[in-house]
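Given next are the chains, with one letter for each unit.
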Amino acid sequence: MKNNETKQNKTSKKNKSSFTFIPKLTIVLVIILMTMIAFFGIYVPVQNRMEDKVKSYDLAMDLKGARVIQLTPSKGTKTTVKDQEGKEVEDGSNLTDEEITEKGYTKETLPLNEESTFSADNYQSAKKIMEKRLHYLGVSSYIINLDEPSGQITVEIPENDLTDDIGNDLVTVGKFEIVDKDTQEVLMDNSDIQEAKVMYGSSNTATSNGTSVYLEISFTRDGKKKFENVTSTYTNTTTNTTGTTENTTGEEQNETNETENNNSTENTTTENTETTKQVEMKIDGQSIMTTSFDQVVKTGKMQLTVGTASTDQVTIQKYAQNAQNIAVTLNDGKLPIHYDMNKNEYIQSDITTNQIELAAIVVAVIVAIMLIIFMVRFHKNGILASISVIGAISLFLLLIRYANVTLSLEGLFGIAIVIGLNLAFIDQLLKKIRQNEQEKEEKVVSHAITETYLSFFAIILPICIVAIAFCFISWTAMSSFGMVMFWGILTLAIYHFLVTGNLLKLSTK
Amino acid sequence: MKQNKNKIGLIVLLLIIVAGIAMIVIKGFAFDLKYQDAKRIEIALGGTFSLEDVKSITNEVFGKDPVMLQKVEVFEDAVSITAKDITDEQKQGIIDRVNEKFKTEVKAEDVDIITVAHTRARDLLKPYIFPFAVATVVILAYMAIRYHSLSSAKVIAQTLAIVILAQAVLFSVMAIARIPIGRLTIPLVLVVYLLSLIGCTNRFEKMRKKDLEEIEGK
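Reading guide: rules and limits
Residues numbered from 1 in each chain as written. Chains lettered and ligands numbered in written order. Predicted model: local features only at pLDDT ≥ 70, side-chain atom pairs only at ≥ 80, totals over all residues. Helix = DSSP H or I, 4+ residues; strand = E, 2+ residues; numbered from the N terminus. Rg over C-alpha atoms; globule rule 2.2 N^0.38 Å. Buried ≥ 20, exposed ≤ 12 C-beta atoms within 10 Å, placed from the backbone. Contact = placed C-beta atoms within 7 Å. Nonpolar A, V, L, I, M, F, W, Y, C, P; charged D, E, K, R; others polar. Pairing = 2+ DSSP bridges. Axes fitted to C-alpha atoms, helices over the stretch in contact; angles between N-to-C directions. Expected span 1.5 Å × (residues − 1). Arc of directions from axis to C-beta. Parallel < 35°, antiparallel > 145°, perpendicular 65-115°, else oblique. Left-handed = near helix turned anticlockwise from the far one by under 90°. pLDDT = per-residue confidence, 0-100. Core = buried A, V, L, I, M, F, W, Y, C linked by C-beta atoms within 7 Å.

## Regarding the overall build of chain B
Thought 1: Scanning chain B from N- to C-terminus turns up six helices and four strands.
Thought 2: Listing each helix as α and each strand as β along chain B from the N terminus yields α-β-α-β-β-α-β-α-α-α.
Thought 3: Relative to the globule expectation of 17 Å for 218 residues, the C-alpha radius of gyration of chain B, 26 Å, shows a markedly less compact shape.
Thought 4: Dimensions along the principal axes, computed over C-alpha positions, put chain B at roughly 90 × 35 × 25 Å.
Thought 5: Evaluated residue by residue, chain B yields a buried proportion of 25% over its 218 residues.
Thought 6: Of the contacts made within chain B by residues no fewer than 6 positions apart, 74% connect residues no fewer than 24 positions apart.

Take a look at the structure:
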């Protein structure tokens, strides 16, 4: 009778064991597969070579390299041609010496920077303006240094499609002027600008359809009054359109000016031609537009259409970039000194792949030691939990690649912290399981998981707050750390509940 | 006994901070070469190369002085060598050795010594102040709510004290051990910040548990 009972017990244990063996094996195999993908990749033949199909890590400036732009105060000169009255002649630079003498013009060569502008104050001020421009352009990571004796400024920015534009925006002086077209009298300048920003609007007319990009210049209180005077003095009486002035800048300028002129011609034919005074808007001495105003503008805002209305996203983005480039040079004042771009080159990081690999090996060795300790201390549960931790780390490493997390040095430390948190969680969980087993509780693993989750997350909740707060910071180093921690903690919370918990439950059944 | 241990620990930490402050006043912080006033030269090697080969050359010329080597441009056919100071003789020495090793014909007059300005510590730290401030304020609010039974004001004061003390100890150790302020500084600050926060919550959780047990006991 007793023999029969023992036999039955053995058979039932064997059945249970075979019942849990297949799910356990499946989970372990999935973990092995995930680990292989995360650490070795998936290689497929592409044009006689093997290509890894797993997305590579997106590295930040400190690990990859940066564009280094060296700016020095310009020692260059500017040649201007003036007429008998002393007014600057447009396109004077295209005239030959003979033509200049013939027309009675005079040629003047002046330095771009007066000797008095080479001062420490101006260098500091230029550096501050450049920093503001970088901030306005949304550059998420940069280093800017000033060598005060020489005024040389070195800027390190991440390499991407916009890097060249950013470099140009930094050296643009940003001298803004609205001048009388005929007398070249300066009517408004940088001091009148409060803010310049890019705006979007939809237009749906017979001639244009789609999204329009505007550059809106808001003037200061004094600027507003000046602009009101300008618009009342330089009013185009022949047209009756909306109060805001529309014109074009950038690449499409000529094309749209032509269109505008055509419109004016159409209007004037019905209301006779009338000579209108015009103003010219200049940035860094270059004419951006010439216009007159349809009516007095009292809002203190000037809107300039950049390009034409379009439905094409790429075109809209291009116009927005043009507008942004102008806006950035108008905001935060003009550079007190002209700078030349001396060097503009991509320099790779001094942190080499070998150094990163070495750090990874050190972390791997520490993890391996910890896992061995788990295996020795907790036997079967320790082995399964160790396998599961490897799976959690692999999943996390895959996730940060596909979640487009940019990895900086801070991000690498974040990875190490996440690995540490995983190990700490498993250690706590295994200890709880052992404690529950000793107390001969029902549902040992389930209770241990609940208790571990509650106590562990109560302790690390401030880390979760830090992770979430840093995710919203645009500075790459901070966002990298925040994003890594966020995905790491999320993986930890979900993975261990679904995988480690089930694996340990199957093992204790 | 435990209180005595805590007191001794606190005294040791305060001594480290005092020594750190003294070191900062006397010698200041040490800075990583990347953030120091330095000199840089760029040499075109005409093909791919190993940084180790260049390292052996710079070791011969600069000895034990720190040198930063970086590959230039995407084709990786030029090297940038940054050192605290590069004299004309050192430049010539590097060029001679490079020409010998890489079979190039680089001329000294084609290589300029570029002055690299230092990065101000405040410029380095500026981008991090706001994120840390925001995170700390939110965490203090959370702590004050979660551990209100331990007196919110006391919890806030203790958390702030622990976080500040931890950072002060870190910077003092860096100043005393002459660990340069550089790219590893912010990651280290982050790690210490998180550890100090974990320390705080751990401490408050234990105190709360103790309080609850006492209430249940009564």
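## Re the interface of chain B and chain A
Thought 1: Across the contact, 34 residues belong to chain B and 35 residues belong to chain A.
Thought 2: Looking at the side of chain B that touches chain A, the elements with two or more residues in it are strand S2 (67-72), strand S4 (114-116), helix H4 (121-146) and helix H6 (185-217) of chain B.
Thought 3: Per-element tally for the side of chain B that touches chain A: the top contributor is H6(B), with 10 residues.
Thought 4: Taken together, the residues of the side of chain B that touches chain A sort by class into 22 nonpolar, seven polar and five charged.

## Notes on the sheet that holds strand S9 (residues 176-180) of chain A
Residues and elements named next belong to chain A.
Thought 1: Overall, antiparallel pairing links the four strands, which are arranged S10-S9-S14-S15 in an open sheet. Because the sheet does not close on itself, it has two edges, and the strands there are strand S10 (186-189) and strand S15 (286-291). The sheet shows a mean angle of 25° between the axes of neighbouring strands, taken without regard to direction.
Thought 2: Summarising the sheet, strand S14 (residues 279-283) and S15 pair through five bridges and their orientation is antiparallel. If you follow Ile283 over to S15, its bridge partner there is Gln286.
Thought 3: Across the face of the sheet, helix H6 (residues 221-233) comes into contact with S9, S10 and S14 while running at roughly 145° to S10.

## Quick word on the environment of B:Leu124
All names here are of chain B.
Thought 1: Of note, Leu124 is situated in helix H4.
Thought 2: Residues Leu124 and Val67, spaced 57 residues apart in sequence, show a C-alpha to C-alpha distance of 21 Å.
Thought 3: Filtering out sequence-adjacent residues up to four positions away, Leu124 remains in contact with Tyr35 and Thr119.

## A word on the environment of A:Phe396
All names here are of chain A.
Thought 1: Assignment of secondary structure puts Phe396 in helix H9 (residues 353-402).
Thought 2: On the neighbour-count criterion, Phe396 (23 C-beta atoms within 10 Å) is buried.
Thought 3: For the pair formed by Phe396 and Met199, sequence separation is 197 residues and the distance between their alpha carbons is 40 Å.
Thought 4: Residues contacting Phe396, with those up to four places away along its chain left out, are Val418, Trp487, Gly488 and Thr491.

## Looking at helix H3 (residues 88-102) of chain B
Residues and elements named next belong to chain B.
Thought 1: Over its 15 residues, H3 runs 21 Å from end to end, which matches the ideal 21 Å to within 8%, given 1.5 Å per residue.
Thought 2: For H3, the set of buried residues is Ile94, Ile95 and Val98. Seen from one end, H3 has its buried residues packed into an arc of 100°, which puts them on one side. Seen from the buried face of H3, the exposed residues on the opposite side, beyond 90 degrees, are Glu89 and Glu100.
Thought 3: One or two residues past the end of H3 sits Lys103, with phi positive at roughly 55°.

## With respect to the packing of helix H10 (residues 409-438) of chain A against helix H12 (residues 476-508) of chain A
In a pair of packed helices, the angle between the axes and the distance between the axes together describe the arrangement.
Residues and elements named next belong to chain A.
Thought 1: Between H10 and H12, whose axes approach to 9 Å, the crossing angle comes to 25°. Viewed along their axes, H10 and H12 adopt a mutual orientation that is roughly parallel. For the pair H10 and H12, the sense of crossing is right-handed. Touching Glu410, Gly411, Gly414, Ile415, Ile417, Val418, Leu421, Asn422, Phe425 and Ile433 of H10 are Ala477, Ser480, Phe481, Val484, Met485, Gly488, Leu492, His496 and Leu504, all from H12.
Thought 2: Looking at the contact of H10 with H12 residue by residue, the class counts come to 12 nonpolar, six polar and one charged.

## Some points on the confidence of the model for chain A
All names here are of chain A.
Thought 1: Residues with a pLDDT of 70 or more make up 87% of chain A, whose mean pLDDT is 84.
Thought 2: Mean pLDDT values over the elements of chain A span from 39, in helix H7 (residues 253-271), up to 95, in H9.
Thought 3: Note that pLDDT drops below 50 for residues 239-272; the model gives that stretch 47 contacts with residues more than four away or on any other chain.

## So, unusual backbone geometry
Thought 1: Look at A:Asp284: it is not a glycine, yet its phi comes out positive at around 55°.
Thought 2: Tracing the backbone shows A:Asp284 in the loop between S14 and S15.
Thought 3: Accessibility expressed as a C-beta count within 10 Å gives 15 for A:Asp284, which makes it partly exposed.
Thought 4: Look at B:Lys103: it is not a glycine, yet its phi comes out positive at around 55°.
Thought 5: Looking at the secondary structure, you find B:Lys103 in the loop between H3 and S4.
Thought 6: A residue is classified by how many C-beta atoms lie within 10 Å of it, and B:Lys103, with 10 of them, is exposed.

## Topic: the nonpolar core
Thought 1: Ranked by size, the top nonpolar core spans 143 residues in total, and within it A:Leu215, A:Val484 and A:Met485 carry the most contacts.
Thought 2: One finds B:Tyr35, B:Leu170, B:Met174 and B:Ile181 within the second-largest nonpolar core, a separate group that totals six residues.

## Brief notes about helix H5 (residues 163-171) of chain A
Residue and element names in this part refer to chain A.
Thought 1: Considered for burial, the residues of H5 that qualify are Ile166, Asp169 and Leu170. Angularly, the buried residues of H5 cover 100° about the axis, an arc narrow enough to put them on a single face.
Thought 2: Here the buried face of H5 lies against strand S4 (65-73), helix H4 (120-136), strand S8 (152-157) and helix H8 (313-330).

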